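Remarks on the overall topology
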Amino acid sequence: MESLSLDPTDLRLLDALQHDASQTNQRLAAEVGISPPTCLRRVQRLREAGLIERQVALLSPDRLAAVLGHGLQAVVEISLDRQDAAALDAFEARVIADEAVQQCWRVSPGPDFVLVVAARDMPGYGALAQRLFTADANVRNVKAFFSLKRAKFEPRLPISSSAGAASSDS
């Protein structure tokens, strides 16, 4: 593992990309105040260092609902009978492979996992619960909370470019 040093320009680039990763290199460079070749080189370095995992499109669930239906989203707490490393890893591997699981968090204290899942409807959620929870003999308790309204969704990580240079392991 090599140490990666980030300067204020790197932090401004990361922050700008979190707001709009679709902008051109020229526009990004102008926003951050560097030349386009420097911008391209720095962004490539940040990707290679693993700080930028991937770029995705964020879809509007309300607008998509007009075409696909509203669907169901749920936050699900899972407690396992056995919490040894192998049991935790096995459950995690199984749930993250399922397309319906949008987020998987290993947490402590309380439940062992918190999942954010999406299903087309209640029968779809029932099939998901059977597939991921009921069929697993190690799952002790499942507590689902169904979303009535999404008040906020922000995947952006807070970055303060005024904090100066930061250091991170990559």
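Quick caveat: nothing in here was measured; it's all calculated off a predicted structure.

1. Focus: the overall build of the protein
Within the protein, the secondary structure is distributed over six helices and six strands. Secondary structure elements of the protein, listed N to C terminal, follow the sequence β-α-α-α-α-β-α-β-β-α-β-β. Rg of the C-alpha trace for the protein: 20 Å, well past the compact-globule value of 15 Å for 170 residues, more than 25% over. Reported as C-alpha extents along the three principal axes, the dimensions of the protein are approximately 55 × 45 × 25 Å. Taking all 170 residues of the protein together, 30% fall into the buried category. Intrachain contacts of the protein at a sequence separation of at least 6 include 66% that bridge at least 24 residues. Separation of charge centres in the protein, based on 19 positive and 21 negative side chains, amounts to 5 Å.

2. Considering the packing of aromatic side chains
Two descriptors summarise a pair of aromatic rings, namely the distance from one centre to the other and the angle between the planes of the rings. With the rule as written, the count across this model stands at two aromatic pairs. Aromatic pair Phe91 and Phe113: ring centres 4.9 Å apart, planes at 50 degrees, arrangement tilted. Separated by 22 residues along the polypeptide, Phe91 in helix 5 (residues 85–96) and Phe113 in strand 4 (residues 113–119) bring together distant segments of the chain. Note on Tyr125 and Phe146: the rings are 5.0 Å apart at their centroids and 80 degrees apart in plane angle, and the pair reads as edge-to-face. With Tyr125 in helix 6 (residues 122–134) and Phe146 in strand 5 (residues 139–146), this pair connects stretches of sequence that are 21 residues apart.

3. Re the sheet that holds strand 2 (residues 72–80)
If you trace the four strands from one edge of the open sheet to the other, you get 3-4-2-5, paired in antiparallel fashion. Pairing within the sheet leaves two strands with one partner each, and these edge strands are strand 3 (101–106) and strand 5. On average, each strand axis in the sheet is inclined to that of its neighbour by 20 degrees, with strand direction left out of account. The pairing of strand 3 with strand 4 spans five bridges and is classified as antiparallel.

4. A few points about the pairing of strand 4
Here strand 4 lies mainly inside the structure; six of its seven residues are buried. Taken together, the seven bridges between strand 2 and strand 4 define a ladder with antiparallel strand orientation. Bridge assignment links Gln73 to a residue of strand 4, and that residue is Ala118. Where strand 3 folds back on strand 4, the antiparallel hairpin that results is connected by six residues, among which Gly110 adopts a positive phi of roughly 100 degrees.

5. Describing the environment of Trp105
Topologically, Trp105 is positioned in strand 3. Once the C-alpha coordinates of Trp105 and Val116 are considered, the two residues, eleven residues apart in sequence, prove to be 8.7 Å apart. Within the local environment of Trp105, its side chain forms a polar contact with the side chain of Gln103, the two groups lying 2.9 Å apart.

6. Let's talk about the environment of Ala21
Along the chain, Ala21 falls in the loop between helix 1 (8–19) and helix 2 (25–32). Judged by relative accessible area, which is 28%, Ala21 ranks as partly exposed. In the structure, Ala21 is positioned 35 residues away from Val56 in sequence and 8.4 Å away in space, judged by C-alpha atoms.

7. Some points on unusual backbone geometry
Of note, the amide linkage connecting Ser108 to Pro109 takes the cis form, showing an omega dihedral of -10 degrees. Turning to its location among the elements, Pro109 is positioned in the loop between strand 3 and strand 4.

The rules behind each value
- Residues numbered from 1 in each chain as written.
- Predicted model: local features only at pLDDT ≥ 70, side-chain atom pairs only at ≥ 80, totals over all residues.
- Heavy atoms only, no water.
- Helix = DSSP H or I, 4+ residues; strand = E, 2+ residues; numbered from the N terminus.
- Rg over C-alpha atoms; globule rule 2.2 N^0.38 Å.
- Buried < 20%, exposed > 50% of the residue type's maximum accessible area, 1.4 Å probe, protein only.
- Contact = heavy atoms within 4.5 Å.
- Lys, Arg positive; Asp, Glu negative; His and termini not counted.
- Charge placed at Lys NZ, Arg CZ, Asp CG, Glu CD.
- Phe/Tyr/Trp six-rings, centres within 6.5 Å; stacked < 30°, edge-to-face > 60°.
- Pairing = 2+ DSSP bridges.
- Axes fitted to C-alpha atoms, helices over the stretch in contact; angles between N-to-C directions.
- Polar contact = N/O pair within 3.5 Å; in protein donor to acceptor, adjacent residues only side chain to side chain.

Shape descriptors only; they carry no functional weight alone.
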